[in-house]
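# Per-entry structural report
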Amino acid sequence: MNLAEVLQEQPSLKNLTAAARHGVPRKFVDELAQVLDISLRDLAPLLHASERNLRRYQPEQLLPADVSDRALNIARVFERALDVLDTPERAVQWLKQPNRALGEAPLALLATTFGAEQVLAILGRIEHGVFS
């Protein structure tokens, strides 16, 4: 599974769960960093991994399930932000800017499932026209 498949096909949670268990290739993380316009160094803490450890993997080599799960979760949130905010640029900008309702930048919360759920809730509010 690559990032384009996650963003274009909107796979089911069942498929994402299977992909997380199987592992995503390291190149998925590289693509995710590129789409989010952040460095691997900045993405690594969100994945609970060190940059050095991530760089040890070859592009096609599968990452561990826990790292894959976090990467897919971040991609899922980005896809939702893209859906709500219409353009990749606006989605990335929104994820990086501090959000009053969240108390920090949404991207910073994506290191945990609970943080990601908070971000998804705010995106839902924005989609429905509630000031957030």
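For the structure given in this document, a descriptive report is provided here. Everything numeric here is computed off the predicted structure, so don't read it as measured data. (Residues numbered from 1 in each chain as written. Predicted model: local features only at pLDDT ≥ 70, side-chain atom pairs only at ≥ 80, totals over all residues. Heavy atoms only, no water.)

## Quick look at unusual backbone geometry
Positive phi is not limited to glycine here, since Asp37 has a value of about 55 degrees. Position of Asp37 among the secondary structure elements: in the loop between α3 (26-36) and α4 (40-43). Of note, His48 is a non-glycine position whose phi angle comes to about 60 degrees, a positive value. As for its placement among the helices and strands, His48 is situated in the loop between α4 and α5 (51-55). (Helix = DSSP H or I, 4+ residues; strand = E, 2+ residues; numbered from the N terminus.)

## Concerning the packing of helix α2 (residues 13-22) against helix α6 (residues 65-85)
Their axes nearest at 7 Å, the elements α2 and α6 cross at an angle of 145 degrees. Of α6, the residues touching α2 (which contributes Leu13, Leu16, Ala19, Ala20 and Arg21) are Ala65, Ser68, Asp69, Leu72 and Arg76. Residues of the contact of α2 with α6, tallied by class, amount to six nonpolar, one polar and three charged. (Axes fitted to C-alpha atoms, helices over the stretch in contact; angles between N-to-C directions. Contact = heavy atoms within 4.5 Å. Nonpolar A, V, L, I, M, F, W, Y, C, P; charged D, E, K, R; others polar.)

## As for the pattern of salt bridges
Tallying each qualifying case throughout the model produces nine salt bridges. With a closest N to O distance of 3.1 Å, Glu60 and Lys27 form a salt bridge. Within this pair, whereas Glu60 is found in the loop between α5 and α6, its partner Lys27 is found in helix α3, the two being separated by 33 residues in sequence. The class of Glu60 is exposed, set by a relative accessible area of 55%. Given a relative accessible area of 29%, Lys27 falls into the partly exposed group. Ionic pairing is found between Glu117 and Arg76, a salt bridge with its closest N-O pair at 3.3 Å. Here Arg76 lies in helix α6 and Glu117 lies in helix α9 (residues 113-127), a separation of 41 residues in the sequence. Looking at Glu117, the relative accessible area reads 39%, which means it is partly exposed. Take Arg76: its relative accessible area is 25%, and that puts it in the partly exposed class. (Salt bridge = Lys/Arg side-chain N within 4 Å of Asp/Glu carboxyl O. Buried < 20%, exposed > 50% of the residue type's maximum accessible area, 1.4 Å probe, protein only.)

## Focus on the side chain of Ser68
Positionally, Ser68 belongs in helix α6. Residue Ser68 is classed as buried on the basis of its relative accessible area of 0%. With sequence-adjacent residues up to four places away left out, Ser68 is seen in contact with Ala20, Gly23, Val24 and Leu63.

## Here's the deal with the nonpolar core
In terms of nonpolar packing, the biggest core is built from 43 residues, with Leu36, Leu43, Leu47, Leu54 and Val119 touching the most fellow members. At the level of elements, α2, α3, α4, α6, α7 (88-96), α8 (106-109) and α9 are the ones that each hand at least two residues to this core. For this core, the element with the highest residue contribution is α6, accounting for 10 residues. For Leu43, the contacting residues outside a window of four places in its chain are Val29, Leu32, Ala33, Leu36, Ile38 and Ile74. (Core = buried A, V, L, I, M, F, W, Y, C linked by side-chain atoms within 4.5 Å.)

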